[in-house]
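# Inside the fold
Here's the letter readout for the chains.
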Amino acid sequence: INAPDEIGVARFNYGALHANPDDRAALDTYIETLEDTNVASLSDNEAIAFWANLYNAVTIKVVVDNYPVKSIREIKSGWRAGPWRRDLVTVGGKKLSLDDIEHDILRKQYPSLLIHYMVNCASIGCPNLGASAWSADTLDADREAAARIFINSPRGARITDKGLKVSSIYKWFKEDFGGNEAGVLKHLREYADEDLAAAIDGGAKITDYGYIWKLNE
């Protein structure tokens, strides 16, 4: 994965991974190791890191297995865009999809707004995939840093002549942010840099949402 570019996107080289059998085998082994984990023995922070790492590794694998694609939405679950509803892994004897991991496990069992900055859906519009796996030891600091980076990038929140254009993540998951625009703005303000904070404090409202589904490569 490359360092963030001029718009803050850390781009992953899916083509290189696709072309390297040894690296693909290593990824498969990593996922198999995660599948064999006794999740019940993990602390909360260990479990959060575990599930986010599994989500991200499986997302990489499903893109690489179907590469080349222009967007993860080309990899469908039946007639639905995206692979999110496919059963892709088995943990503790239970088959799980990416939706199961994100919505039924991470968001429900370990509720935190910072979950949204931990899972990466292989798209430019998503918060960046980290250069290393999540670790329980540094979880809070690392995911707060991820939130700050995303929110202050053009993909997170951008000041326009009309107000704020923010990521569609804050519309899709508005219920997590209090169910209203005020809750979203409060969250953005917590991690905002000087210019964005001044705009929010000055009464700027959310006037538009956006998301780029193009592959983050």
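Structure report, in brief.

About the thresholds
Residues numbered from 1 in each chain as written. Predicted model: local features only at pLDDT ≥ 70, side-chain atom pairs only at ≥ 80, totals over all residues. Heavy atoms only, no water. Helix = DSSP H or I, 4+ residues; strand = E, 2+ residues; numbered from the N terminus. Buried < 20%, exposed > 50% of the residue type's maximum accessible area, 1.4 Å probe, protein only. Contact = heavy atoms within 4.5 Å. Polar contact = N/O pair within 3.5 Å; in protein donor to acceptor, adjacent residues only side chain to side chain. Phe/Tyr/Trp six-rings, centres within 6.5 Å; stacked < 30°, edge-to-face > 60°. Lys NZ or Arg CZ within 6 Å of the ring centre and 35° of its normal. Disulfide = S-S within 2.5 Å. Axes fitted to C-alpha atoms, helices over the stretch in contact; angles between N-to-C directions. Left-handed = near helix turned anticlockwise from the far one by under 90°. Nonpolar A, V, L, I, M, F, W, Y, C, P; charged D, E, K, R; others polar.

### A closer look at the side chain of Arg143
- Along the chain, Arg143 falls in helix H5 (residues 139–151).
- On the accessibility criterion, Arg143 (7% relative accessible area) is buried.

### Quick look at helix H7 (residues 181–191)
- Residues of H7 that are buried include every one of Gly183, Val184, Leu185, His187, Leu188 and Tyr191, and no others.
- Summarising the contacts, the buried residues of H7 are in contact with H5, strand E3 (157–159), strand E4 (164–167), helix H6 (169–172), helix H8 (194–201) and strand E5 (206–210).
- Capping the start of H7, Asn180 holds a side-chain oxygen 3.3 Å from the backbone nitrogen of Ala182, two or three residues further along.

### Quick word on the packing of aromatic side chains
- Enumeration over the complete set of coordinates arrives at eight aromatic pairs.
- It is Arg73 that lies over the ring of Trp213; its NZ or CZ is 5.2 Å from the centre.

### Looking at the state of the cysteines
- Per the counting criterion, the structure on display carries zero disulfides.
- There is no disulfide at Cys121, and the cysteine sulfur nearest it, in Cys126, is 3.6 Å away.

### Observations concerning the packing of H7 against H8
- Between H7 and H8, the least distance of the axes is 8 Å, while the angle of their chain directions is 145°. Crossing handedness for the pair H7 and H8: left-handed. Contacts between H7 and H8 involve Leu185, Leu188 and Arg189 from the first element and Ala197, Ile200 and Asp201 from the second.
- Residue composition of the contact of H7 with H8, by class: four nonpolar, no polar and two charged.

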